[in-house]
Amino acid sequence: MVELLAWLVLFLPLLSVAAITIFTRGNAARSGAISITAVVFSFICGLVLFYALPESSMGMPIQIPWLSIHDQGLGLDLHVDIGLRLDHLSLPMILIVTGVGSLIHIYSWGYMKGDPGFARYFACLSLFTFSMLGIVLADNFLMMFIFWELVGVSSYLLIGFWYERPSAADACKKAFLTNRVGDFGFLVGILLTWATLGSLNFRDLETRLNVHSVEFSAVATAVGLLIFCGAMGKSAQFPLHVWLPDAMEGPTPVSALIHAATMVAAGVYMLCRVFFLLNVDGSQALQVIAWIGGITALMAALIAVQQNDIKRILAYSTLSQLGYMVMAVGCSGPVPAMYHLTTHAFFKALLFLGAGSVIYGLHHEQNIWAMGGVRRKMPITFWTFTFGTLALCGVPPLSGFYSKDSILAQAIKDHHYGLFVLGVVVALLTTFYMFRLFYVVFKGRPRTEAAEHAHESPSVMLWPLFILAIFSIAGGLLGIESLYARHFEAAVAGTEPGFWDRLLEPFNEQLLAASFGVLAVVFGWLWARSLYRNKAVDPLPEKLGWWSQLLRNKFYIDEFYENVLIPCTQDALARVADFIDRWIIGTFAVRGTANVTDVAGRLLRMLQTGSLQMYAFLLVAGVAGVLYWVLGK
Amino acid sequence: MLTAIILCPLIAALLLCLVPRSFVVVMRVVAIVATFISMVLAIIVFWRYDGAAMGLSGFRFEQQVDWVKSLGISYHVGVDGLNVGLILMGAVVAFAAACCGWEIRERDNERQKEFCILLLIMSGGILGAFASLDLFFFYFAHELALIPTFIMIGVWGRGPDKNYATFQITLYLSVGAFISLIGLIALYLQSGAKTFDIVGLIAHVKQHPIPLRDQNFIFPLLLFGFGILISLWPFHTWAPLGYGSAPAPTAMLHAGVLKKFGLYGLIRIALPLLPEAAQSWTNVIAWLCLGNIFYCGLVAMRQKNLNWLIGYSSVAHMGFVFLGIASLSLIGITGAVLVMIAHGFLAALTFGLSGYLYQTTGTLEMDRMGGLLRKLPFLGTALIMAMFAGCGLPGFANFTGEVTVFFGAWKQFPLVTGIAVWSALVIGAVYMLRAIRNIFHGPVPEQLMAVAESTWPLRKLPYLVLLVSLLVFGFFPRLLTDKITPSAKKIIEMANTPSATPVARVETGQVVSVP
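Attention now moves to the overall build of chain B. When its secondary structure is counted, chain B shows 22 helices and two strands. The C-alpha atoms of chain B give a radius of gyration of 22 Å, which matches the 24 Å a tight globule of 515 residues would have. Looking at chain B as a whole, 61% of its 515 residues are labelled buried. In chain B, of all internal contacts separated by at least 6 residues, the share reaching a separation of at least 24 is 82%.

Moving on to the overall build of chain A. Along its length, chain A carries 29 helices and two strands. Referenced to the eigenvectors of the C-alpha coordinate spread, the extents of chain A come out at roughly 125 × 65 × 55 Å. The contacts in chain A between residues at least 6 apart in sequence include a share of 81% that link residues at least 24 apart.

Residue and element names in this part refer to chain A. Two elements in contact, helix H14 (residues 310-330) and helix H15 (residues 334-361), have axes separated by 9 Å at closest approach and are oriented at 175°. Looking at the two axes, H14 sits roughly antiparallel to H15. Of H15, the residues touching H14 (which contributes Ile 310, Lys 311, Leu 314, Thr 318, Gln 321, Tyr 324, Met 325, Ala 328 and Val 329) are Pro 334, Pro 336, Ala 337, His 340, Leu 341, His 344, Lys 348, Leu 351, Phe 352, Ala 355 and Val 358. Considering only residue class, the contact of H14 with H15 consists of 14 nonpolar, four polar and two charged.

Right, let's get into the interface of chain B and chain A. Contacts between the two partners involve 44 residues from chain B, matched on the other side by 37 residues from chain A. Put simply, the parts of the chain that give the side of chain B that touches chain A at least two residues each are helix H13 (275-301), helix H15 (330-361), helix H16 (372-375), helix H18 (397-410), helix H19 (414-439) and helix H21 (478-496) of chain B. Ranked by residue count, the leading element in the side of chain B that touches chain A is H19 of chain B, at 10 residues. The residue makeup of the side of chain B that touches chain A, split by class, is 24 nonpolar, 15 polar and five charged.

What follows concerns the nonpolar core. Val 268 and Ala 349 of chain A together with Ile 87, Val 93 and Met 252 of chain B are the most contacted members of the largest nonpolar core, which has 432 residues in total. Among the elements that make up this core, the one with the highest residue count is H15 of chain B (19 residues). With residues up to four places along the chain from it excluded, the contact list for Met 252 of chain B reads Val 93, Ala 96, Ala 97, Cys 100, Ala 348, Phe 351 and Gly 352 of chain B.

To continue, consider helix H14 (residues 306-327) of chain B. Each α-helix turn comprises 3.6 residues. Residues three or four places apart therefore point the same way. Residues and elements named next belong to chain B. In this model, H14 (22 residues) spans 32 Å end to end at C-alpha, consistent with the 32 Å of a helix rising 1.5 Å per residue. The element H14 is largely enclosed, with a buried count of 22 among its 22 residues. Looking at the residues trailing H14, positive phi occurs at Leu 328, about 50°.

With that settled, consider the environment of Val 274 of chain A. Residue and element names in this part refer to chain A. Along the chain, Val 274 turns up in the loop between helix H11 (266-273) and helix H12 (275-278). Each C-alpha atom, one on Val 274 and one on Asn 140, is 10.0 Å from the other, the two residues being 134 residues apart in sequence. Non-local contacts of Val 274, meaning those with residues more than four positions away in its chain, are made with Phe 202 and Ile 227.

Moving on, we come to the packing of helix H19 (residues 417-442) of chain A against helix H24 (residues 511-532) of chain A. Residue and element names in this part refer to chain A. Here H19 crosses H24 at 35°, and the two axes come no closer than 7 Å. The way H19 lies across H24 gives a crossing that is right-handed. Along the contact surface, H19 presents Val 424, Ala 427, Leu 428, Leu 429, Thr 430, Thr 431, Phe 432, Phe 435, Arg 436, Tyr 439 and Val 440, while H24 presents Phe 516, Gly 517, Ala 520, Val 521, Phe 523, Gly 524, Trp 525, Trp 527, Ala 528, Arg 529 and Tyr 532. Per-class residue counts for the contact of H19 with H24 are 16 nonpolar, four polar and two charged.

Let's shift gears to the pairing of strand S1 (residues 62-71) of chain A. Here S1 of chain A pairs with strand S2 (residues 76-84) of chain A via nine bridges, running antiparallel. Among the inter-strand pairings, Ser 68 of chain A is bridged to a residue of S2 of chain A, identified as His 79 of chain A.

It is worth spelling out the environment of Gly 262 of chain B at this point. Of note, Gly 262 of chain B is situated in helix H12 (residues 260-273). Not counting the four nearest positions on each side in its chain, Gly 262 of chain B is found in contact with Phe 226, Gly 227, Leu 229 and Ile 230 of chain B.

Turning our attention to the environment of Val 79 of chain B. Residue and element names in this part refer to chain B. Among the structural elements, Val 79 can be located in strand S2 (residues 73-79). The class of Val 79 is buried, set by 28 C-beta atoms lying within 10 Å. Separated by 383 residues in sequence, Val 79 and Pro 462 have C-alpha atoms that sit 26 Å apart. Excluding its chain neighbours within four sequence positions, the residues that come into contact with Val 79 are Leu 2, Val 45, Tyr 49, Phe 59, Arg 60, Phe 61, Val 84, Ile 87 and Ala 131.

In this section: the confidence of the model for chain B. All names here are of chain B. Averaged over every residue, the pLDDT of chain B is 86; the share at 70 or more is 93%. Confidence scores differ between elements of chain B, with helix H22 (residues 502-513) showing the lowest mean pLDDT of 40 and H18 the highest of 94. When the criterion is pLDDT under 50, residues 499-515 qualifies, and its contacts beyond four places in sequence or with other chains add up to 10 contacts. As scored by the predictor, the complex reaches a pTM of 0.91 and an ipTM of 0.91.

Another point: helix H6 (residues 166-197) of chain A. Residues and elements named next belong to chain A. A rise of 1.5 Å per residue sets the reference length of H6, with its 32 residues, at 46 Å; its end C-alpha atoms lie 46 Å apart and thus fit the reference within 8%. A maximum bend of about 25° is found in H6 at Gly 182. Within H6, 26 of the 32 residues are buried, which leaves it mostly tucked inside the rest of the structure. Gly 198 sits one or two residues past H6 and shows a positive phi near 80°.

Here is the key point about a regular strand: its side chains alternate between the two faces of the sheet. Pairing analysis gives six bridges linking strand S1 (residues 60-68) of chain B to S2 of chain B, with the strands arranged antiparallel. Pairing of Val 68 of chain B across the sheet is with Ile 73 of chain B, part of S2 of chain B.

A word on unusual backbone geometry. That bond from Pro 396 of chain A to Pro 397 of chain A is cis: its omega, 0°, falls within 30 degrees of zero. Assignment of secondary structure puts Pro 397 of chain A in the loop between helix H17 (379-393) and helix H18 (399-413). Following Trp 233 of chain B, the chain continues to Pro 234 of chain B via a peptide bond in cis, the omega torsion being 0°. For Pro 234 of chain B, the location among the structural elements is in the loop between helix H9 (212-230) and helix H10 (238-245). Backbone geometry places His 364 of chain A, a non-glycine residue, at a positive phi of 60°. With respect to the helices and strands, His 364 of chain A occurs in the loop between H15 and helix H16 (374-377). Backbone geometry at Leu 328 of chain B places phi at a positive 50°, although glycine is not the residue there. With respect to the helices, strands and loops of the structure, Leu 328 of chain B is situated in the loop between H14 and H15. Overall, the presence of 23 C-beta atoms within 10 Å leaves Leu 328 of chain B in the buried class.

Definitions and cut-offs
- Residues numbered from 1 in each chain as written.
- Chains lettered and ligands numbered in written order.
- Predicted model: local features only at pLDDT ≥ 70, side-chain atom pairs only at ≥ 80, totals over all residues.
- Helix = DSSP H or I, 4+ residues; strand = E, 2+ residues; numbered from the N terminus.
- Rg over C-alpha atoms; globule rule 2.2 N^0.38 Å.
- Buried ≥ 20, exposed ≤ 12 C-beta atoms within 10 Å, placed from the backbone.
- Contact = placed C-beta atoms within 7 Å.
- Axes fitted to C-alpha atoms, helices over the stretch in contact; angles between N-to-C directions.
- Parallel < 35°, antiparallel > 145°, perpendicular 65-115°, else oblique.
- Nonpolar A, V, L, I, M, F, W, Y, C, P; charged D, E, K, R; others polar.
- Core = buried A, V, L, I, M, F, W, Y, C linked by C-beta atoms within 7 Å.
- Expected span 1.5 Å × (residues − 1).
- Left-handed = near helix turned anticlockwise from the far one by under 90°.
- Pairing = 2+ DSSP bridges.
- pLDDT = per-residue confidence, 0-100.
- Bend = angle between axes of the 7 residues up to and from the residue.

Written out as structure tokens, the structure is:
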């Protein structure tokens, strides 16, 4: 029964892909219905598993052998299952993917209405759900890599959904290629792990790690960093972060589901899944991971301050929050990372869907300076968006406060004081740029015709906002943290904390972190309020001068990649290779050989004159020569 | 059974000689039906093949008829795990290629008959080469398939470089075939087994290994002879040029199937019969394979013509097979065979689709296209899927093969494997996605506003067959690996053990040098 449910969770979305592509491509409504049904049923199966699965069958193997070669010569087994692993890490994650996914599928029904590619859109969305669930449920490295790639391709298809727009076509290509760079490291890391420990299965690896700890510690840092490359690509960490802002070319619900709530979190999830490989003695990988996360968080928050596209601001905010999560993993805190991942999925999906609602209401206007006063026109969107903003900024007692606080507390606990300060600064910046967005879009007067005539979205788009808003508000009080803690820490004896304990937990646990977190929010809000209340133009560029230029252009990292790094490395090599192939091998060697043969042939042809006298003369000359040779000596 | 698979296209070719020139439809139907029967039979053989229940010689569906007894030549066919998948792949591709003959029909009605006959001969030759267990027929069948290739490129080829391409491919491949022929004859002579039968040769060599000196002489002949046929770097320039000019069905059959002949020869013949030489050459092969995977991948990035791009990418993919062979490990060889099969389907699919695209748009210059996905939904979807298969997307058989090769080769050649992984994941994706971006995404240029797909469902059939094959083996690789591994194990055991008996080697060395 458990097995059947688990397989259903994974394969229902794939069935929907198959059904849509084979049967209902031409029928928009039916395709959408199939896709939505599949993801909702997947969610229900997940719920049943989550509540009904007994503790004893946690982590029991559910496997179908996929590839199995036993190599005696190498002394290694290449054994890969399509195997599902149900435990306290994967089960909540399934609920996030299918739950948030269901809401976004339903929202899309309204948002995408009338698009000629409606059926294709839902097929891709189902493909994405399938792949993402594969990553979550995978019980071995190669299966995870397989679904990792499939997630990449579904993201490619959805970013490039409006492929006739050159910007979308370029963005999807960039996203896939940047991810592939990370995947290169990931695959090499998998190969190295396999060659050292002799297995791909996570459970086997965990037991073998104890036996072969000496061999492994020699490569531990390398393995950790290589695997982190994969997370760097998928979770868009510096320096592979460049694809995520461009990915906003996709439809807004896609940005909410894939590029905010779930797929970009896959990197963090993967790091938590293999945390036992990172957290070994003699490995420096976690240090690097923590600092990369911190740098990403700060850099993205700074850039977000000077963006003007509503989706891009949210995209940089996503980057920044992902940086938080990665930083938490680096500070040896997978639990805070997963906690923040969960709450972030709620409020960031909410913010993106809210932004989508605004964009929809303003007829696809995305520039925040062309909005204003949307509050009165779209009250429901406004209120839900407000709660999303407050949750993201970390206002107690909303969900974001608890998860962010647990990360800051973890930084102190792990003696990363530098990162703690950095985290507080990022929290301040987060509040600042979010309230900038808030004031400019929703408050003040309408600044354009479109904003003047904005209208509230249909109810099919508003219900998902409601539900997400509830979770964004109450997410911190549901005991999500202790759920994940059960996976990573040995069972903590004692009673479950009560409601009031949970509410005040941050202040009891680590007062310093909690108070700094709250202070950051207050100052960030005051700062934004003083600058942006009732403003029609951005006052900041004047004050910041060239800094503003730098931030607006994202520190010129894209320009550096496009004009310096890639042309000087891979493209240059390609030019050289092409030159060699065309001129040296193609012309010099091949045609050269041909020409030598040709010239030799011409020379020899001179002997074949066809003149009998000539032949007779040569014959005689030859005979004379031989005679001289034989007799002359 | 195997004989029927081989003979079906050949008999059909004979029959077509009797059909009047004007019966174009009959010829098409005969060609398609004949290859279809071959394909069905090959599927049955594949389905019924059971690695565990192999006979004494290790082969199933065997059939042997003596031909020239004094030289030890016999007609001997049979399958084991190595070639059963290749025969299936060859038969499927032959069917698809026959279905793709439409392109020719519309352009050149006059010579329809010759084209069909040559295509059928080629199909029969290819299947014969893979089924054959006798060196003589092995080589003969390959030549039978190779020569029609030249004629087809020369007569029905396209593009301004057609004549030069025909010229180059003919010379190149003839030289390659000739070098490998010398190698095979030397092998026959030096083994002292007095038989062309591969099973007999292997049995003989097990008892009396070929002296090291001879091995060191023969192995390079086979490696570079076959290497030219497989477009091993730096002998690869014929491939993109030739495929760029070839008519689609020819390119499908040659790039997909015939090219695998050399690789198959290396695994089937060179590794077990010349084990010590093979071991001493593995390093060279491993580094040469980067010439294919890395270097040709880079060159592919610079191509502007779709057919050239696919040509270079197909050359690049051959490198994975070489890497698998160089690893001399069970995982590596299994992966190599997987890649051979997967790439067969893939190359046929991409060349078939590019032929279709050329027929629809009249150009393959990628700069002159754009946004065609809206205009050509089926063709576009299929080609995009093929492109993703080509850059190693899981779900397609190519991924399984490539990743298996990486696992097999990592321990011995970590650096080479690392570069190969980079090329497979990043460089492959760069040129494939660039092609998709240029051809199918973006706005549609003015001159292509009017293009449309053929609505005839049969037109899609060959591509669907190939796509489904890629997906089936991508989803269920054990269909292949369970068959390949036991047979590959035998090869590996022969390739890795003989150095354990140095005494016997010295003795045989003396025996040979005495007369």
